[in-house]
Amino acid sequence: MKEQTIRSFPGIPALLVLLLAAGLALFLFIQNLPGSADASGMALLSSFLIALATCVSLAGFYMVEPNQAAVLSLFGKYVGTAKDQGLRWNNPFFSAKKVSLRVRNFESGKLKVNELDGSPIEIASVIVWQVVDSAEAVYNVDDYESFVHIQSEAALRAMATVYPYDQHEDGTIALRSHAAEISKHLTDEIQDRLAQAGVNVIEARISHLAYAPEIAQAMLQRQQASAIIAARTRIVEGAVSMVEMALEQLSARNVVELDPERRAQMVSNLLVVLCAERGTQPVVNAGSVY
């Protein structure tokens, strides 16, 4: 089912024509009242037929607002979509169903799902969408607004299970640290589910992301521990680089000749000083650093 544009007639001229027809019917009825000297049965019948046709034609009027479409059907068969704005007129036997083509958005409820590592999280999203094919929206699904809401939440659940909450390794996409990539994946996931409903997903992004309350404290402690480990690792790497640089400068400038034992002792002393200044104390044993 694809949208087909149908021509509609301006409503104001059509209304004027019907008013003239109603006036003609009234005139003929008054001129041919029963008992009148020049009464004509044929003229009286014509007035009734004109009045009946005028009343039936009034059902053909409908209003189309900006960014709105009227899906027209004839006895259950789709005949086309009218998008001309204002008061319009068409076949009075057509039934018109209004569909908004405006950009709309909604925020999903907070969903509890398990992310890639199995930790329960709370997640919610904001989806911006628009109907682009009124025929598909009306006839391909039962209730396109409910369909959008339910399928968007299903896509959000599916997407959240693919990524971890936090980035544990370089190059890994995580829910908390890669907003642009996650938003694009979520948009594509929802669009795939809503394509048959004539809906275009303009944007989808996460509006709420947090660990579930029952594990929030434990996850906070784990984040703090990871931050401490990362900081100490960086300090040790910096200290080792500085020691290596110092030894290379001593050798290049021939400041002093170091045998292996004195070299190990100097390395130990430099590491102790550098790491102590930065809050990390290495373990020193027999001239070796661990």
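Residues numbered from 1 in each chain as written. Predicted model: local features only at pLDDT ≥ 70, side-chain atom pairs only at ≥ 80, totals over all residues. Heavy atoms only, no water.

So, on to the overall build of the chain. Scanning the chain from N- to C-terminus turns up seven helices and 12 strands. For the chain, restricting intrachain contacts to residue pairs at least 6 apart in sequence, the fraction spanning at least 24 positions comes to 65%. When the accessible surface of the chain is totalled, it reaches about 17,200 Å², and 57% of it is carbon and sulfur. (Helix = DSSP H or I, 4+ residues; strand = E, 2+ residues; numbered from the N terminus. Contact = heavy atoms within 4.5 Å. Areas by Shrake-Rupley, 256 points an atom, 1.4 Å probe, with all protein chains shown as cover.)

As a further point, take the sheet that holds strand E6 (residues 94–100). The strands that make up a sheet are held in pairs by hydrogen bonds between backbone atoms, and each pair lies either parallel or antiparallel. Reading across from one edge, E4-E3-E6 is the order of the three strands in this open sheet, with antiparallel pairing throughout. Two strands in the sheet have a free side with no partner beyond their single neighbour: strand E4 (77–82) and E6. Put simply, the sheet's adjacent strands are angled 25° from each other on average, direction ignored. Looking at chain direction, strand E3 (residues 68–74) and E6 are connected through seven bridges and run antiparallel. Along E6, the bridge assignment pairs Leu72 with Ala96. (Pairing = 2+ DSSP bridges. Axes fitted to C-alpha atoms, helices over the stretch in contact; angles between N-to-C directions.)

Trp129, Val131, Met159 and Ile190 are the most contacted members of the largest nonpolar core, which totals 36 residues. If you tally residues by element for this core, the top one is helix H4 (residues 144–160), at seven residues. Discounting residues that sit within four places of it in the chain, Ile190 has contacts with Ile127, Ser152, Ala155, Val201 and Ala204. Counting residues in each nonpolar core, the second largest holds seven residues, with Tyr62, Val64, Ala70 and Phe94 among its members. (Core = buried A, V, L, I, M, F, W, Y, C linked by side-chain atoms within 4.5 Å. Buried < 20%, exposed > 50% of the residue type's maximum accessible area, 1.4 Å probe, protein only.)

Strand order in the open sheet formed by three strands is E1-E5-E2, and the pairing between neighbours is antiparallel. Either end of the sheet is taken by a strand with one partner, and the two such strands are strand E1 (9–10) and strand E2 (61–64). Bridge count for E2 against strand E5 (residues 86–89) is four bridges, and the pairing is antiparallel. Looking across to E5, one finds that Tyr62 is bridged to Arg88.

Positive phi, normally seen in glycine, also occurs at Asn67, with a value near 55°. Structurally, Asn67 is set in the loop between E2 and E3. Of note, Phe75 is a non-glycine position whose phi angle comes to about 55°, a positive value. With respect to the secondary-structure elements, Phe75 resides in the loop between E3 and E4.

As a further point, take the pattern of salt bridges. Where charged atoms from two side chains of opposite charge come close, those side chains can pair. In total, this model carries nine salt bridges according to the counting rule given. Two residues, Glu145 and Arg104, come together in a salt bridge whose shortest N-O distance is 3.0 Å. Linking Glu145 in helix H4 with Arg104 in strand E7 (residues 104–107), this pair joins segments that are 41 residues apart in sequence. Look at Glu145 and you get partly exposed, because its relative accessible area is 37%. Here Glu203 makes a salt bridge to Arg205, at a shortest N to O gap of 3.0 Å. (Salt bridge = Lys/Arg side-chain N within 4 Å of Asp/Glu carboxyl O.)

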